[in-house]
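# Per-entry structural report
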Amino acid sequence: MIMRLHSSILILLCTTNLVISFVVLPYIQIDYAHLIRVAHCKAKCSEKYGYPKTKENLDGSIDEYFFVDTEEYSKCENGCLQFQHRRDMKRSNLTGETLQGAKFWLESTAHSGKVGSSPVSTIELLCQMPSATPDLDDSFEGLLGLTKVRPSGPVQYVVQWKQRTYALGYYDESQWITASVESDGMIKVDGMIPGVQYKFLVTVVGPAGKLGDTIQSEWTEISNTLTVKAPGAPLIVKNGFNSEQGVVAHLHFPRTAYDSCYFRLQVKNATNSVVSDLRVDPTYSILLSHLEFDSSYAVTLSALSSDQNTATNPISVRFNSFQCKQVYGKGSLQCAPEPVSNIRVAIEANSTAQITWTASAEPENILTYAITYQAYLGPCNKDPTTVYLGAPSTSYEMLLPRNVHCEFMFRITNYDAIGREAFAETRIAVMQERLISSSFTVPLIAIGISFAFLILAVCCFAVCRCCNKCPVKVSENKAKLTDYA
């Protein structure tokens, strides 16, 4: 199942397809040779009445299998099973596909040699959780996952298992127990006992007989805690892009055989919210497809019980999806246009403002620039003025008024080759022949020098007054002292 984020409504997607299951019963042994022959007959029915089909794994990879959920296949399978204890086909009253199944049974054998190689590379107990089967209280169920190296074709899987327990310093291990014949690469196992270790073995059987060697799993111990394990942190997101699914992200988290078989995933951004119930498979990531460019997403993941009615506490992560220019390049027509950047304003001595900017795309991807400025404060003319410049332009000289206090809004709009637009703005202020812009381009040194000259003039004036008046005051004081004497 691949998460597609198209809709702005809440969507519930379920990939918990039904799987045929078997129960691990230590004291029930089915004849291995008999099940090999049953698998051989059913594989012949699959070849004749099934057809190739594909399904998407959680990570987006494609799994090809033979679809056998048809009425014709069911009748053929019944022929395999019904004729096992009959010897005279003429007295069986079988017809059509059922009769064909009986013929396949006669052609099948348990002792054929190996033909070719197995399409299965590994078998693994992917998950475990408390069983939902009423008669199997205090036991666990899980899912066996088969990893394929190539499309399997019309095959059947004969499943065996064994168990062991550890006591007094050694393992007490059972023999291989033949359990069932399965047609799906995801096999449900029920009735596993807490604290016991299990190993599984699969023989792949095709229309011509057994394919390659048998495949064994590793030993896996069943938990002693009859609760659903919450998913392990951290969630890790890896962004990507492909031509079929657009902007994608792969969601990774630590998975073990003790995790639940079912998860609830929520993915949302400012416009979309999607909730999905997922069933694990042999892949180890979850593909989120058809994301939006340059969008912030929040992801939460929680484990579900076997009946999918109870969820654990979620773990979460936030991420930003790829920007369009990261995929197609800066200024590509595949992306929405971006405004110019790095706007700078330089005030010239002739009462002009030199505005420069950095283009957001290559000149061949720009149709034109529209330069618009308008006074919004002061006595200046408030009618907007627009000038159009060619694609290679990265500057414009604006004539400023003198001896007035006005403020201007200056907008640069760039149009791409198909007419889409983006703009950026800056502010220019004119204050009694001192010109100030939002880019702070007025030289502060000039202001500092003017202030220094002002301070120097005041000091000189004070010194001059002191020099002129002090001798007079001294003479007057001397005269008064003489008169007093």
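Conventions and cut-offs
- Residues numbered from 1 in each chain as written.
- Predicted model: local features only at pLDDT ≥ 70, side-chain atom pairs only at ≥ 80, totals over all residues.
- Heavy atoms only, no water.
- Helix = DSSP H or I, 4+ residues; strand = E, 2+ residues; numbered from the N terminus.
- Contact = heavy atoms within 4.5 Å.
- Areas by Shrake-Rupley, 256 points an atom, 1.4 Å probe, with all protein chains shown as cover.
- Axes fitted to C-alpha atoms, helices over the stretch in contact; angles between N-to-C directions.
- Parallel < 35°, antiparallel > 145°, perpendicular 65-115°, else oblique.
- Left-handed = near helix turned anticlockwise from the far one by under 90°.
- Nonpolar A, V, L, I, M, F, W, Y, C, P; charged D, E, K, R; others polar.
- Pairing = 2+ DSSP bridges.
- Salt bridge = Lys/Arg side-chain N within 4 Å of Asp/Glu carboxyl O.
- Buried < 20%, exposed > 50% of the residue type's maximum accessible area, 1.4 Å probe, protein only.
- Phe/Tyr/Trp six-rings, centres within 6.5 Å; stacked < 30°, edge-to-face > 60°.
- Lys NZ or Arg CZ within 6 Å of the ring centre and 35° of its normal.
- Core = buried A, V, L, I, M, F, W, Y, C linked by side-chain atoms within 4.5 Å.
- Disulfide = S-S within 2.5 Å.

By the naming in an unreviewed UniProt entry, the protein chain is Fibronectin type-III domain-containing protein, taken from Caenorhabditis briggsae.

### What about the overall build of the protein chain?
The helix and strand inventory of the protein chain stands at five helices and 30 strands. For the protein chain, the share of sequence-separated contacts (at least 6 apart) that also reach a separation of at least 24 residues comes to 67%. Working note: accessible area of the protein chain is about 26,000 Å², and carbon and sulfur atoms make up 54% of it.

### Section: the packing of helix α1 (residues 32-49) against helix α2 (residues 71-82)
The interhelical angle for the contact between α1 and α2, taken along N-to-C directions, is 155°, at an axis separation of 9 Å. As summarised for this structure, α1 and α2 are arranged roughly antiparallel, according to the angle between their axes. Crossing handedness for the pair α1 and α2: right-handed. Residue-level inspection shows Val38, Cys41, Lys42, Cys45, Ser46 and Tyr49 of α1 in contact with α2, the latter providing Glu72, Tyr73, Cys76, Glu77, Cys80 and Leu81. Here the contact of α1 with α2 is composed, by residue class, of eight nonpolar, one polar and three charged.

### Observations regarding the pairing of strand β24 (residues 352-358)
Here strand β23 (residues 341-347) pairs with β24 via five bridges, running antiparallel. By the bridge assignment, Ile347 is partnered in β24 with Ala353. In textbook terms, the turn of a hairpin is the stretch between consecutive antiparallel strands, and for β23 and β24 this stretch comprises four residues, one of which, Ser351, has a positive phi near 60°. Judged from the five bridges that link them, β24 and strand β27 (residues 395-399) form a sheet pairing that is antiparallel. By the bridge assignment, Thr356 is partnered in β27 with Ser395.

### Looking at the pattern of salt bridges
The full count for this structure, using the stated rule, is 14 salt bridges. Across the pair Lys75 and Glu71 runs a salt bridge, and its minimum N-O distance is 3.4 Å. Residue Lys75 and its partner Glu71 are located together in helix α2, separated by four residues, close to a single helical turn. The exposure class of Lys75 is partly exposed, given its relative accessible area of 33%. With a relative accessible area of 54%, Glu71 lands in the exposed category. Residue Glu173 pairs with Lys162 through a salt bridge whose shortest N-O separation is 2.9 Å. Separated by eleven residues along the polypeptide, Glu173 in strand β9 (residues 170-173) and Lys162 in strand β8 (residues 156-167) bring together distant segments of the chain.

### Regarding the packing of aromatic side chains
Here the structure, examined in full by the defined rule, presents twelve aromatic pairs. Between Tyr297 and Phe319, the ring centres sit 5.4 Å apart and the planes meet at 15°, which makes this aromatic pair stacked. Taken together, the residues Tyr297 in strand β21 (residues 296-304) and Phe319 in strand β22 (residues 315-320) connect sequence positions 22 residues apart. Each member of the pair, Tyr297 as well as Phe319, carries the same accessibility label: buried. Here the aromatic cluster, defined as three or more aromatic residues joined through ring pairs, consists of Phe241, Phe293 and Tyr328. Arg255 extends its terminal NZ or CZ atom over the ring of Tyr284, reaching a point 4.7 Å from the ring centre. The ring of Phe423 carries the charged tip of Arg411 above its face, separated from the ring centre by 4.0 Å.

### Some thoughts on the nonpolar core
Of all hydrophobic cores here, the largest spans 29 residues; its most connected members are Leu235, Leu265, Leu288 and Val299. If you list the elements that add at least two residues to this core, you get β6 (120-130), β17 (246-252), β18 (262-268), β20 (286-291), β21 and β22. Considering every element that reaches this core, the biggest residue donor is β21, with five residues. Discounting residues that sit within four places of it in the chain, Val299 has contacts with Leu235, Leu251, Leu265, Gln266, Val267, Leu288, Ile315, Ser316, Val317 and Phe319. Ranked by size, the runner-up nonpolar core spans 26 residues in total, among them Ala359, Tyr396, Phe408 and Val430.

### Observations regarding the side chain of Ser46
One can find Ser46 in helix α1. By relative accessible area, which is 1% here, Ser46 ends up buried. If sequence neighbours within four positions are ignored, Ser46 has contacts with Phe66, Val68, Tyr73, Pro154 and Gln156.

### Side note on the state of the cysteines
In total, this model carries five disulfides according to the counting rule given. Sulfur-sulfur distance for the disulfide between Cys45 and Cys76 comes to 1.9 Å. Looking down the S-S bond of the Cys45 and Cys76 bridge, the torsion is -75°, so its handedness is left-handed. Highlighted residues: Cys45 in helix α1 and Cys76 in helix α2, separated in sequence by 31 residues. Across the pair, exposure class does not vary: Cys45 and Cys76 are buried alike. A sulfur-sulfur separation of 1.9 Å characterises the disulfide bridge that pairs Cys127 with Cys261. Given an S-S torsion of about 95°, the disulfide between Cys127 and Cys261 has right-handed geometry. Pair noted here: Cys127 is in strand β6 and Cys261 is in the loop between β17 and β18, with a separation of 134 residues, a long-range link. Taken individually, Cys127 and Cys261 each receive the classification buried, so the pair is uniform in this respect. With its disulfide-bonded cysteines labelled consecutively along the sequence, the protein chain is connected as 1-4, 2-3, 5-6, 7-8, 9-10.

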